[in-house]
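Listed below are the residues making up each chain.
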Amino acid sequence: MGIKNRLIVMSFLQFFVWGAWLITIGNYWFGTKNWEGTQFGLVFGTMGIASLFMPTLTGIIADRWVNAEKLYGGLHILYALVLFGIAQITTPENFIYVMLAAMCCYMPTIALSNSISYTSLKLNNKNVVKDFPPIRVWGTVGFIAAMWITNLTGSKATEYQFYIAGIGALILGFYSFTLPKCEPQRLTKEDASWVETLGLESFKLFGNYKMALFFIFSMFLGGALQLTNAYGDVFLDEFKHFPKYADSFVIKYSTIIMSISQVSETLFILAIPFFLRRFGIKQVMLISMLAWVLRFGLFAFGDPVTGLWMIILSCIVYGMAFDFFNISGSLFVESNTDSKIRSSAQGLFMMMTNGVGAVLGSLTSGWAIDKYFTKSFLTVNELSTFLQTDPSNSKMLDFVKSQGNSISNDGIFTNPVFMKDWHSIWLSFAAYALIIAIAFAILFKHKHDPKELENIGH
């Protein structure tokens, strides 16, 4: 098997083992376990917490002591074992702790997979800018395949989604040991300082204005990256409480609708080389930020019937929003760092996006949604107005009773019924992304130089 096909298999499984549960875990948390929404933000916060230190730490280890492909394989085997354990958890507190352990194993493998691909392609005299995107696109195909398997097997609200991911992770873990050797650079001098010895030189990148600014914007955009992962499928699923949407295709197959986002990724990943050559790295990252504005804005006005086209268009835009920043950002790091710290620098990029940014985004959005965008309804008339239906609608009344509620003769609930105001939630996210895009366009100075892409490629 040629090097490209070997890396394609790695990329496919890398995201398969994440996609099997990432989009559907909200249905498991809220629909099956009936756990609280406030704690759910912590589940996605674990990805950020793990990304604060694990990608950087494993990047240092790969640069200094252990072959990247061996470290990568070992982490996936551990990830699989933890996933099998998650399925047995019965309390939300323990679930969060075990999920943190799983994320400590998984999150660093994203940066490591990039490093392994770049190194393997260069060792085989391939062009990274040209050859990496078609390889990476198979990661998105893997993510889609996992989502469809989870949805079509009826596992999206059950613990079986974790078993699907765990089996895939075991296969990837053992397969990784067959990949080309990516040996540590070990370029430290004998009289090296303790910073060089421990491989912490990548943190010196914060001393460079352009790199520091890039990492800061990575952090802010990282706050937006997890929002649709955390809330997208739940947002679509909650339309089932609106009687006029309850029987729509979107409600039954919300995960498959969301997978349009990943299908879109496959197209935009393949377009990245063209956009990079035509517009340069800064403009591609700016396009990504504006795409996030559209992603959130279209969700704000979409619905499963008359506004279905907006939901679908939002999913299409997602491909540009997600991959244009992640891949162009990764290539920017590759072209602006020394070879001996590139794995560490990729880990640092991952730390700022999926670490600091994701933690701040998860905690802030969870707090804001609970405090400002969750409505409380005390009467049938109030709730029916919000759900755009008649107060006597049987589906609405069944929903109220399913919440453990009863209704008095004068139409008052024994307990408040809480509903999220998704229109305002998505509009606020869109405003956030727009502010980031404007600030990035003004503050981040980076001239398009075609030679930069040529240097990355070889």
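Residues numbered from 1 in each chain as written. Predicted model: local features only at pLDDT ≥ 70, side-chain atom pairs only at ≥ 80, totals over all residues. Heavy atoms only, no water.

**A look at the overall build of the protein**
To keep it simple, the criterion reads: Under the DSSP-based scheme used, a helix requires at least four consecutive residues in state H or I and a strand at least two consecutive residues in state E, with every element numbered from the N terminus. Radius of gyration: C-alpha atoms only; globule rule: 2.2 Å multiplied by the number of residues to the exponent 0.38. Only protein chains enter the accessibility calculation, which uses a 1.4 Å probe. A residue is then buried if its area is under 20% of the maximum for its type, exposed if over 50%, and partly exposed in between. Two residues qualify as a contact provided that any one of their heavy atoms is within 4.5 Å of a heavy atom in the partner residue. Accessible areas in this description were obtained via Shrake-Rupley with a 1.4 Å probe; residue shielding takes into account the shown protein chains only. Residues counted as positive are Lys and Arg, residues counted as negative are Asp and Glu, and His and the chain ends are not counted. To locate a charge, take atom NZ for lysine, CZ for arginine, CG for aspartate or CD for glutamate.
In terms of regular secondary structure, the protein is built from 20 helices and two strands. Computed over its C-alpha atoms, the radius of gyration of the protein comes to 23 Å, within 12% of the 23 Å expected for a compact globule of 458 residues. Taken along the three principal axes of its C-alpha coordinates, the protein extends 85 × 45 × 40 Å. When the 458 residues of the protein are sorted by exposure, 60% land in the buried category. Counted over contacts in the protein with a minimum sequence separation of 6, partners at least 24 positions apart contribute 82%. Carbon together with sulfur atoms contributes 63% to the accessible area of the protein, which is approximately 18,500 Å² in total. Between the mean site of the 32 positive side-chain charges and the mean site of the 29 negative ones, the protein shows a separation of 8 Å.

**Here we look at the packing of helix α9 (residues 209-225) against helix α15 (residues 308-335)**
Under the convention used in this document: Every axis in this analysis is a line fitted to C-alpha atoms, fitted for helices over the stretch in contact. Angles between the N-to-C directions lie between 0 and 180 degrees. Comment on the angle field: the value is read as roughly parallel under 35 degrees, roughly antiparallel over 145, roughly perpendicular from 65 to 115, and oblique elsewhere. Left-handed describes a crossing in which the near helix is turned anticlockwise from the far one by less than a right angle; the clockwise case is right-handed.
The geometry of α9 relative to α15 is characterised by a closest axis approach of 12 Å and an angle of 155 degrees between their N-to-C directions. Looking at the two axes, α9 sits roughly antiparallel to α15. For α9 against α15, the interelement crossing comes out left-handed. Only Phe322, Phe325, Asn326, Gly329, Phe332 and Val333 of α15 make contact with α9, whose side of the interface consists of Lys210, Met211, Phe214, Ser218, Leu221 and Leu225.

**What to know about helix α14 (residues 281-301)**
Defined as follows: One less than the residue count of a helix, multiplied by 1.5 Å, gives the span that helix is expected to have.
An ideal rise of 1.5 Å per residue puts 30 Å on 21 residues; α14 measures up with 31 Å between its terminal C-alpha atoms. Among the 21 residues in α14, 16 count as buried, and that is most of the element.

**Structural notes on the environment of Ser314**
Along the polypeptide, Ser314 turns up in helix α15. Accessibility expressed as a relative area gives 0% for Ser314, which makes it buried. Along the backbone, Ser314 and Phe296 are 18 residues apart, and their C-alpha atoms lie at a distance of 7.3 Å.

**Brief notes about the packing of helix α13 (residues 260-279) against α15**
In plain terms, the rule: Three categories are distinguished: nonpolar for Ala, Val, Leu, Ile, Met, Phe, Trp, Tyr, Cys and Pro, charged for Asp, Glu, Lys and Arg, and polar for the others, with Gly belonging to the last.
Close contact between α13 and α15 brings their axes to 7 Å; oriented N to C, the two are set at 45 degrees. Here α13 is positioned oblique relative to α15, judged by the angle of their axes. For the pair α13 and α15, the crossing hand works out as right-handed. For the contact of α13 with α15, the per-class residue count stands at 16 nonpolar, five polar and two charged.

**Details of the state of the cysteines**
As a reminder of what qualifies: In plain terms, two cysteine sulfur atoms within 2.5 Å form what is called a disulfide here.
All chains considered together, the criterion is met by zero disulfides. Not part of a disulfide, Cys105 finds its nearest cysteine sulfur in Cys104, a span of 6.9 Å.

**Here we look at the packing of aromatic side chains**
Applied cut-off: Aromatic rings from Phe, Tyr and Trp, taking only the six-membered ring of Trp, are treated as a pair when their centres fall within 6.5 Å; an angle between ring planes under 30 degrees marks them as stacked, one over 60 as edge-to-face, and anything in between as tilted. Both a distance and an angle decide whether a charge sits over a ring: NZ of Lys or CZ of Arg must be within 6 Å of the ring centre and within 35 degrees of the ring normal.
The full count for this structure, using the stated rule, is 46 aromatic pairs. Seen from their ring centres, Phe235 and Trp422 are 5.6 Å apart, and the 65 degrees between their planes marks the pair as edge-to-face. With Phe235 in helix α10 (residues 227-237) and Trp422 in helix α19 (residues 422-443), this residue pair connects regions lying 187 residues apart in the sequence. A relative accessible area of 8% places Trp422 in the buried class. A ring pair is formed by Trp292 and Tyr318, whose centres lie 5.8 Å apart and whose planes are at 90 degrees; its orientation type is edge-to-face. Placement of the pair is Trp292 in helix α14 and Tyr318 in helix α15, with a sequence separation of 26 residues. For Trp292, a relative accessible area of 0% translates into the label buried. If you follow Arg136 out to its NZ or CZ, it ends over the ring of Phe15, 4.2 Å from the centre.

**A look at unusual backbone geometry**
Positive phi, close to 60 degrees, is recorded for Asn125, a residue that is not glycine. Locating Asn125 in the fold gives a position in the loop between α5 (92-123) and α6 (128-152). Look at Asn125 and you get exposed, because its relative accessible area is 73%. Backbone geometry places Gln388, a non-glycine residue, at a positive phi of 55 degrees. In this structure Gln388 comes out as partly exposed when scored by relative accessible area, which is 46%.

**With respect to the pattern of salt bridges**
Defined as follows: Only one rule defines a salt bridge in this text: a Lys or Arg side-chain nitrogen within 4 Å of an Asp or Glu carboxyl oxygen.
Throughout the structure, instances matching the rule amount to six salt bridges. A salt bridge links Asp131 to Lys4; its shortest N-O distance comes to 3.1 Å. Of the two residues, Asp131 sits in helix α6 while Lys4 sits in helix α1 (residues 3-19), which places them 127 residues apart along the sequence. Linked through salt bridges whose partners overlap, the residues forming this network are Arg136, Glu265 and Asp323.

**As for the nonpolar core**
The following threshold applies: Buried Ala, Val, Leu, Ile, Met, Phe, Trp, Tyr and Cys residues that are joined via side-chain atoms within 4.5 Å together make up what is termed a nonpolar core.
Counting residues in hydrophobic clusters, the biggest one holds 148 residues, and the most contacted among them are Trp18, Trp21, Tyr79, Phe95, Met99 and Met103. Here Met103 is in contact with Trp21, Thr46, Met47, Ala50, Tyr79 and Pro108, once residues within four sequence places are set aside.

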